[in-house]
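Below, each chain spelled out in residue letters.
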Amino acid sequence: MAADQTTPAPSAATAAAKVGEILRKHELDLTMVENPEFRGHCESCGEPVIGSDGVSYKAESLTRFFHQRCFQCVICQTSLRGGTEFFVNNSAPHCVSCYQEKVLGCCDGCGLVLNQNGVVRAKNKKFHPGCFVCKKDGVRLDGRYYEKEGSFWCRNCYVDVFVPTCGSCGLKILSEQDGQPVTSIDWKGKKYHQQCFGCTDCKKLFVDLKAFQIDGNLYCKNCHSIRSKQ
Ligand SMILES: [Zn+2]
Ligand SMILES: [Zn+2]
Ligand SMILES: [Zn+2]
Ligand SMILES: [Zn+2]
Ligand SMILES: [Zn+2]
Ligand SMILES: [Zn+2]
C-alpha cells in the first residue's frame, strides 16, 4: 500500500525565525562595514572574520577569508591554523600531504608522490624534474624532447633510434634547413633523402621511383644501360 507522503508546510513560526536570522546577519554585516578590523566573511561558516582571528589568501582573483578555527584542509579536515603550510587548488586550501597525494599525484617516472618543488608536465604525464629523462641514455630533458612510443627521448637518441639512414649518402634523413626529421623516399627496402634519390652518374633525380641498381648504387635507365654494356 502507498503511504501518504505529504510533508507539513513550514509553519509561520519557522518562516519568521528564518527572516529573523537573515535580518540579524544583515545587521551584523552593516555594523561590520564600519569595523576597521572586519576583513570579510569566512568561506567556511559565513560569519565575519575580524582582525587577526583570520587567515586569507587570493584565489581566482578573489581574496578568501577564514577564521583560524575554520581554516582546514578541504580533503582531510586537518586544521591549518596558526601558519600551517598549505596549498590552494580549485580555490580551496589543502594540507601538504593531501595536496601532494590527491592533487599532484604520482610521478610517471619513479611512481613516487610529486611535490610542490616542481612538476614537469608532458603529454598528459607528469614527472619530478629529475625523473623527466631520455628513455635511452637517461639525459635530463628540459623543454626540448621528442615523444615516440609513449616514451620521451633526447634529440640524439631519437635520431639514433628512429630516424632512418639514407641508403645513398649514409647520413640520417633530416631536413637541411632545421635538422628535423623529414619524409624519406622508400625504395626496395632502403630509405633515401629526396635530394639523394638520383642517378649516381648523371645526378638526375628519379621520377616515379624509376631507378636501377648496380652494386647498391642507383642509376637512371640511360646510365644503367650504358654501364650494363661495359
Ligand atoms: Zn568561520
Ligand atoms: Zn589534508
Ligand atoms: Zn619521479
Ligand atoms: Zn638520450
Ligand atoms: Zn642522403
Ligand atoms: Zn643517369
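Residues numbered from 1 in each chain as written. Chains lettered and ligands numbered in written order. Predicted model: local features only at pLDDT ≥ 70, side-chain atom pairs only at ≥ 80, totals over all residues. Heavy atoms only, no water.

Colleague: Kindly report on the overall build of the chain, identifying the contributing residues and their values.
Modeller: Scanning the chain from N- to C-terminus turns up four helices and 14 strands. Projected onto the principal axes, the alpha-carbon positions of the chain cover approximately 115 × 55 × 40 Å. Looking at the chain as a whole, 30% of its 230 residues are labelled buried. In the chain, once contacts between residues fewer than 6 apart in sequence are set aside, the share between residues at least 24 apart is 17%. Taken as a whole, the chain presents about 15200 Å² of accessible surface, with 51% of it coming from carbon and sulfur. Seen as two clouds, the 29 positive and the 24 negative side-chain charges of the chain have centres 14 Å apart. (Helix = DSSP H or I, 4+ residues; strand = E, 2+ residues; numbered from the N terminus. Buried < 20%, exposed > 50% of the residue type's maximum accessible area, 1.4 Å probe, protein only. Contact = heavy atoms within 4.5 Å. Areas by Shrake-Rupley, 256 points an atom, 1.4 Å probe, with all protein chains shown as cover. Lys, Arg positive; Asp, Glu negative; His and termini not counted. Charge placed at Lys NZ, Arg CZ, Asp CG, Glu CD.)

Colleague: A description of the coordination of the zinc ion (ligand 4) should follow, citing residues and the corresponding values.
Modeller: Distances from the zinc ion (ligand 4) to its protein donors, Cys134 (SG), Asp137 (OD), Asp137 (OD), Cys154 (SG) and Cys157 (SG), fall within 2.2 to 2.7 Å. The sequence pattern formed by the donor residues of the zinc ion (ligand 4) is C-x2-D-x16-C-x2-C. Here Cys154 lies in the loop between β10 (151-153) and α3 (155-162) and Asp137 lies in the loop between β8 (125-127) and β9 (146-148), a separation of 17 residues in the sequence. Judged by relative accessible area, which is 42%, Asp137 ranks as partly exposed. (Donors = N, O, S within 2.8 Å, 3.2 Å for Na, K, Ca; no water.)

Colleague: An account of helix α2 (residues 96-104) is requested, with residue identities and associated values reported.
Modeller: Where α2 is concerned, the buried positions are Cys98, Tyr99, Gln100 and Leu104. For α2, the secondary structure elements touched by its buried residues are β5 (86-89), β6 (92-95), β7 (120-122) and β8. Gly105, located one to two residues past α2, shows a positive phi value of around 80°.

Colleague: Which residues make up the packing of aromatic side chains, and what values go with them?
Modeller: Considering all chains together, one arrives at 17 aromatic pairs under this definition. For the ring pair Tyr145 and Phe152, a centre distance of 5.3 Å and an interplane angle of 80° mean the geometry is edge-to-face. Given a relative accessible area of 6%, Phe152 falls into the buried group. (Phe/Tyr/Trp six-rings, centres within 6.5 Å; stacked < 30°, edge-to-face > 60°.)

Colleague: Residue-level account of the domain arrangement of the chain, with values.
Modeller: What the domain assignment lists for the chain is domain 1 (33-102), domain 2 (105-160) and domain 3 (164-229). Using C-alpha coordinates to define each centre, domain 2 is positioned 37 Å away from domain 3. Counting from both sides, the interface comprises five residues of domain 2 and, opposite them, five residues of domain 3. When the two sides are added together, the surface that domain 2 and domain 3 hide from each other amounts to roughly 400 Å², 48% of it contributed by carbon and sulfur. (Domains from an automatic or database assignment. Buried area = accessible area lost by both parts, 1.4 Å probe.)

Colleague: Report on the coordination of the zinc ion (ligand 2), specifying residues and quantitative values.
Modeller: Surrounding the zinc ion (ligand 2) are the protein donor atoms Cys73 (SG), Cys76 (SG), Cys95 (SG) and Cys98 (SG), which sit 2.3 Å from the metal. Between the four donor atoms coordinating the zinc ion (ligand 2), the angles at the centre fall across 102 to 114°, so the site counts as tetrahedral. Cys76 sits in the partly exposed class, given a relative accessible area of 36%. (Tetrahedral: all angles 85-135°; square planar, octahedral: opposite > 155°, others 65-115°.)

Colleague: Just give me the short version of the nonpolar core, but keep the residues and values in it.
Modeller: Generally speaking, nonpolar side chains in soluble globular proteins are found buried as a group. Of all hydrophobic cores here, the largest spans 20 residues; its most connected members are Phe132, Leu141, Phe152 and Tyr158. The biggest single contributor to this core is α3, with four residues. Ranked by size, the runner-up nonpolar core spans 14 residues in total, among them Cys166, Ile185, Tyr192 and Ala211. (Core = buried A, V, L, I, M, F, W, Y, C linked by side-chain atoms within 4.5 Å.)

Colleague: For the side chain of His67, give the residues involved together with the corresponding values.
Modeller: Note on placement: His67 falls in strand β4 (residues 62-67). In this structure the side chain of His67 is engaged in a polar contact, spanning 2.7 Å, whose partner is the backbone oxygen of Pro48. Contact partners of His67, with chain neighbours within four places excluded, come to Cys42, Cys45, Glu47, Pro48, Val49 and Asp53. (Polar contact = N/O pair within 3.5 Å; in protein donor to acceptor, adjacent residues only side chain to side chain.)

Colleague: So, α3: which residues are in play, and what are the values?
Modeller: Residues of α3 that are buried include every one of Cys157, Tyr158, Val159 and Phe162, and no others. Looking at the buried side of α3, the elements it contacts are β9 and β10.

Colleague: Run through the environment of Gly130, naming residues and quoting values.
Modeller: Its location among the elements puts Gly130 in the loop between β8 and β9. The spacing of Gly130 and Asp108 is 22 residues in sequence and 12 Å in space, taken between C-alpha atoms.

Colleague: Hey, could you go over the UniProt feature "domain: LIM zinc-binding" (unreviewed entry) in the chain for me, with residue numbers and the actual values?
Modeller: Mapped onto this numbering, the UniProt entry gives "domain: LIM zinc-binding" (unreviewed entry) at residues 40-105 and 164-230. Counted over residues 40-105, helix gives 14% and strand 38%. Its end C-alpha atoms are 33 Å apart. Secondary structure within residues 164-230 divides into 13% helix and 18% strand; the distance between the first and last C-alpha atoms comes to 34 Å. (UniProt positions renumbered as here; feature names shortened; annotations may be inferred.)

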